[in-house]
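Geometric and topological summary
Chain residues, written in single-letter form:
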Amino acid sequence: QVQLVESGGGLVQAGGSLRLSCAASGHTFSRSAMGWFRQAPGKEREFVTAITRSGGSTYYADSVKGRFTISKDNAKNTVYLQMNSLKPEDTALYYCAARRAARGGTYYYSAPVEYDYWGQGTQVTVSS
């Protein structure tokens, strides 16, 4: 199984930057596609970004495209979310998620149901 631990959240002013980290356990990390989701109070969990197991492809929600960058370091068993030009509407609890390595079929990267493991979340608050 995979265990995920997020870190790096905090308070930041609008226009600032923040880098989130998600440390993963498990011997099959390199074969695990990863995603980041966020949830603000009163809103449903929404897709932010994802990266394929090889790291060869990345996907972004339109709201963060050009501002956020996801990356995967298999040697460190860690996935990162670099967030630049942060806006107040980015304020949310950010979750790291992993798709189990052995899972086949089509990878619907933006769907929460595609992911089998979730971190506890890290809070990101952007002030104006």
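This write-up is about the structure you can find in this document.

About the criteria used
- Residues numbered from 1 in each chain as written.
- Predicted model: local features only at pLDDT ≥ 70, side-chain atom pairs only at ≥ 80, totals over all residues.
- Heavy atoms only, no water.
- Buried < 20%, exposed > 50% of the residue type's maximum accessible area, 1.4 Å probe, protein only.
- Helix = DSSP H or I, 4+ residues; strand = E, 2+ residues; numbered from the N terminus.
- Pairing = 2+ DSSP bridges.
- Salt bridge = Lys/Arg side-chain N within 4 Å of Asp/Glu carboxyl O.

1. A closer look at the pairing of strand 3 (residues 18-24)
- Most of strand 3 is tucked away, with five of its seven residues classed as buried.
- As defined by bridge partners, strand 1 (residues 4-7) adjoins strand 3 across four bridges and the pair is classed as antiparallel. What sits directly across from Leu-4, in strand 3, is Ala-24.
- The pairing of strand 3 with strand 8 (residues 78-83) spans six bridges and is antiparallel. Looking across to strand 8, one finds that Ala-23 is bridged to Thr-78.

2. Re the pattern of salt bridges
- The tally for this structure, following the rule as stated, stands at seven salt bridges.
- With its nearest N and O atoms 2.8 Å apart, the salt bridge here joins Asp-90 to Arg-67. You can see Asp-90 sitting in the loop between strand 8 and strand 9 (92-99) and its partner Arg-67 sitting in the loop between strand 6 (58-60) and strand 7 (68-73), a full 23 residues away along the chain.
- With relative accessibility at 11%, the residue Arg-67 sits in the buried group.
- In this structure, Glu-114 engages Arg-99 in a salt bridge whose closest nitrogen and oxygen atoms are separated by 2.9 Å. Remark: Arg-99 occurs in strand 9 and Glu-114 occurs in the loop between strand 9 and strand 10 (117-118); sequence separation between them is 15 residues. For the pair formed by Glu-114 and Arg-99, the shared burial category is buried.
- A network of salt bridges, in which partner residues are shared, links Arg-38, Glu-46, Arg-67 and Asp-90.

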